[in-house]
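Observations on chain architecture
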Amino acid sequence: MKRQIIDTIAAYETIIIHRHVRPDPDAYGSQLGLKELILANYPEKKVFAVGDHDASLTFMAQPDQVLDDVYEHALVIVTDTANTERVDDQRYTKGKMMIKIDHHPNDDAYGDLLWVETTASSCSEMIYELYEEGKEVANWQLSDTAARLLFAGIVGDTGRFQFPSTTAKTFKVAADLITYDFDRNQIFDGMYEMEQKLLNLQGYIYQNFTMDEYGAAHVKLTKELLAEHDIVPSEASLLVGCLGSVKGICSWVVFIEEEDQIRVRLRSKGPIINTLAKEFNGGGHPLASGATAYSWKEADDVIERLQEICKAYH
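Cut-off values and rules
Residues numbered from 1 in each chain as written. Predicted model: local features only at pLDDT ≥ 70, side-chain atom pairs only at ≥ 80, totals over all residues. Heavy atoms only, no water. Pairing = 2+ DSSP bridges. Helix = DSSP H or I, 4+ residues; strand = E, 2+ residues; numbered from the N terminus. Contact = heavy atoms within 4.5 Å. Axes fitted to C-alpha atoms, helices over the stretch in contact; angles between N-to-C directions. Phe/Tyr/Trp six-rings, centres within 6.5 Å; stacked < 30°, edge-to-face > 60°. Buried < 20%, exposed > 50% of the residue type's maximum accessible area, 1.4 Å probe, protein only. Lys NZ or Arg CZ within 6 Å of the ring centre and 35° of its normal.

1. Topic: the sheet that holds strand S11 (residues 288-293)
The strand order S6-S7-S8-S9-S11-S10 describes an open sheet built from 6 strands, whose pairing is mixed. Where the open sheet ends on each side, the last strands, each with one partner, are strand S6 (210-211) and strand S10 (283-284). Here helix H7 (residues 196-208) sits on the sheet and contacts S6 and strand S7 (216-221); the angle it forms with S7, its principal contact strand, is near 135 degrees. Where helix H11 (residues 296-313) meets the sheet, its contacts fall on S7, strand S8 (251-257), strand S9 (262-268) and S11, and the angle it forms with S8 comes to roughly 170 degrees.

Next up, the structure:
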């Protein structure tokens, strides 16, 4: 499949790369890293990365603006996006051909070519694998800019190499990437430095989360609370992992209220929770998933189900 993707990339003059809404570092890393990889080897091609920009990821790069008519004869590649509803910029269907590259469970098998590798730590790791294949068959080179973006994506989706998805291959890829010329400190600062207001909210989470005897935990961040801290929902999402340092925690959910819905952020240290996410309009990885609730009553239903899952796990 990698060979087919490389041949297809070589055949198209215009390539437009999409990723998922509410992007994280791996979404930017895989999307923009792929863009830079293609441009490094085919500088004559027109390659664009599209989608709404998230200001918290400015330290990585910024997406492009593309007019509708550019899609007419273009190859569209969608990275790090499990299902079509989550593709940022719904013009992704308007190209001549579409490729899906992803590491989430393949519940929505869209695209003309699909490369899904659920054992990969991140989609950025998969783009590096694509580079390795391209190096072998077409003498591809990897630029410093592409290496920087892929490294940031891997760091983001592995939680600085702490998550179980991190494999020996992941460390080998990271070891190669850090031989390129980029500032790792700038990446770590951009990814993990926090404004004081966000640290204050993190303190609120630590003081107000609830955990039962089986390690099922939750905390609710209401619109009013976020406004009080001068924080928008996308910023609050950066704190989802912080409860992972709590001793005895098994699985947890952070509810982040938006104007018309409640974002459900699920994390786990053992129990499979993407099945729970699917029950509530979501999905994701076995140990890291997202869903949507439309009332606090529905949020309470999520808590009840999570408690059942953690109890059964024990």
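2. Regarding the packing of aromatic side chains
Applying the stated rule across the entire model yields 8 aromatic pairs. Ring plane angle 45 degrees and centroid distance 5.6 Å describe the contact between Phe151 and Phe182, whose orientation is recorded as tilted. In this pair, Phe151 is assigned in helix H4 (residues 144-158) and Phe182 in the loop between helix H5 (168-177) and helix H6 (184-192), connecting sequence segments 31 residues apart. With respect to burial, Phe151 and Phe182 carry one shared label: buried. Here a set of aromatic residues connected by ring pairs shows up, and it is made of Phe151, Phe161, Phe171, Phe182 and Phe188. The ring of Tyr42 has Lys45 lying over it, and the distance from NZ or CZ to the ring centre is 4.9 Å. Positioned above the aromatic ring of Tyr192 is the side chain of Arg160, whose terminal nitrogen or guanidinium carbon lies 3.7 Å from the ring centre.

Read these as geometric descriptors, not functional statements.
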